[in-house]
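# A look at the structure
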Amino acid sequence: KYNCVTIMGEHTKADIVSMKVSDGEEVSVEERIKRHTVYFDVESSEIDDMFNKSLDELAHFLKENGQIKLQLNGHTDKKEEEAIKNDPENEMLVNLGNFRSKSIKDYLVKKGISADRFTIMDVGSDQPAAPGLSMLNLAKNRRVEFIITK
């Protein structure tokens, strides 16, 4: 739950100072939004139902803070990247990061957030959240992260 959002000036990214979350912990708005990262199954862009509550909370926050715009960065893991190299004609695999970002954008638009508040980007596997090829680390890398752009 959002207890406090401090916004000043022209409502730019730099003006968004902090917010308190339900446990009283004060975190930056960027950190709070980052906590809504969505993770995906292998070679999938379908949002698992377990992320609906988090995305609904994000939509509520975005409705209350209409000046915030987000870049949705879609990531793949190293094994998905290998699959793309082995099958460069497979449009689903080649565009997997974009499809993941678009699925999040579509969800938030259905919740009443204007589509022009989002940009989508396919980051590929170039920015892993976790190193290595363990099942857990690969799962951490199949994600969409939210970056405040304005």
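For the rest of this paragraph, the subject is the sheet that holds strand 5 (residues 70–75). Strands sit in the order 4-7-5-6 across an open sheet of 4 strands; the sheet is mixed. The open sheet is flanked by strand 4 (38–39) and strand 6 (118–124), the only strands paired with a single partner.

So, about the pattern of salt bridges. In this structure the tally under the stated criterion is 7 salt bridges. For Glu31, the salt bridge identified is with Arg35, shortest N-O distance 3.8 Å. Here Glu31 falls in the partly exposed class, since its relative accessible area comes to 35%. Across the salt bridge formed by Arg143 and Glu145, the nearest N and O atoms sit 3.3 Å from each other. Pair check on accessibility: Arg143 and Glu145 agree, each one buried.

Among the surface-exposed residues, Asp41, Glu46, Asp48 and Asp49 lie close enough to one another that they form a single negatively charged patch. Within the fold, Glu46 resides in the loop between strand 4 and helix 2 (52–64). Among the residues examined, Glu46 registers a relative accessible area of 63% and is labelled exposed.

With that settled, consider helix 3 (residues 78–86). Taken together, the buried positions of helix 3 are occupied by Glu80, Ala83 and Ile84. Projected down its long axis, helix 3 carries its buried residues within an arc of 100°, all on one side. Across helix 3 from its buried face, at more than 90 degrees, point the exposed residues Lys85 and Asn86. Elements in contact with the buried residues of helix 3: helix 4 (91–94) and helix 5 (96–110). The distance from a side-chain oxygen at the start of helix 3 to the backbone nitrogen of Lys79 is 2.9 Å, and the residue carrying that oxygen is Asp77.

Right, let's talk about the environment of Gln127 for a bit. Note on placement: Gln127 falls in the loop between strand 6 and helix 6 (135–141). You can call Gln127 partly exposed: its relative accessible area is 43%. Residues Gln127 and Asn141, spaced 14 residues apart in sequence, show a C-alpha to C-alpha distance of 8.2 Å. Apart from the residues within four sequence positions on either side, Gln127 is in contact with His75 and Arg143.

One turn of an α-helix holds 3.6 residues; hence residues three or four places apart share an orientation. When the terminal C-alpha atoms of helix 5 are compared, their 21 Å separation across 15 residues agrees well with the 21 Å that a helix rising 1.5 Å per residue should span. Within helix 5 the residues assigned to the buried category are Leu96, Gly97, Arg100, Ser101, Ser103, Ile104, Tyr107 and Leu108. Down the axis of helix 5, the buried set is contained in an arc of 155°. They therefore lie on one face. Of the residues one or two after helix 5, Gly112 is the one with positive phi, at around 100°.

For strand 7 (residues 143–148), the tally of buried residues reaches 5 of 6 residues, placing the bulk of the element in the interior. One ladder, built from 2 bridges, connects strand 4 with strand 7; its direction is antiparallel. The partner of Val38 across the bridge, within strand 7, is Val144. Taken together, the 5 bridges between strand 5 and strand 7 define a ladder with antiparallel strand orientation. Note that in strand 7 the partner of Leu72 across the bridge is Phe146.

Calculation rules
Residues numbered from 1 in each chain as written. Predicted model: local features only at pLDDT ≥ 70, side-chain atom pairs only at ≥ 80, totals over all residues. Heavy atoms only, no water. Pairing = 2+ DSSP bridges. Helix = DSSP H or I, 4+ residues; strand = E, 2+ residues; numbered from the N terminus. Salt bridge = Lys/Arg side-chain N within 4 Å of Asp/Glu carboxyl O. Buried < 20%, exposed > 50% of the residue type's maximum accessible area, 1.4 Å probe, protein only. Patch = residues over 30% accessible without salt bridge, like charges linked within 9 Å, V, L, I, M, F, W, Y side chains within 5 Å. Areas by Shrake-Rupley, 256 points an atom, 1.4 Å probe, with all protein chains shown as cover. Lys, Arg positive; Asp, Glu negative; His and termini not counted. Charge placed at Lys NZ, Arg CZ, Asp CG, Glu CD. Arc of directions from axis to C-beta. Contact = heavy atoms within 4.5 Å. Polar contact = N/O pair within 3.5 Å; in protein donor to acceptor, adjacent residues only side chain to side chain. Expected span 1.5 Å × (residues − 1).

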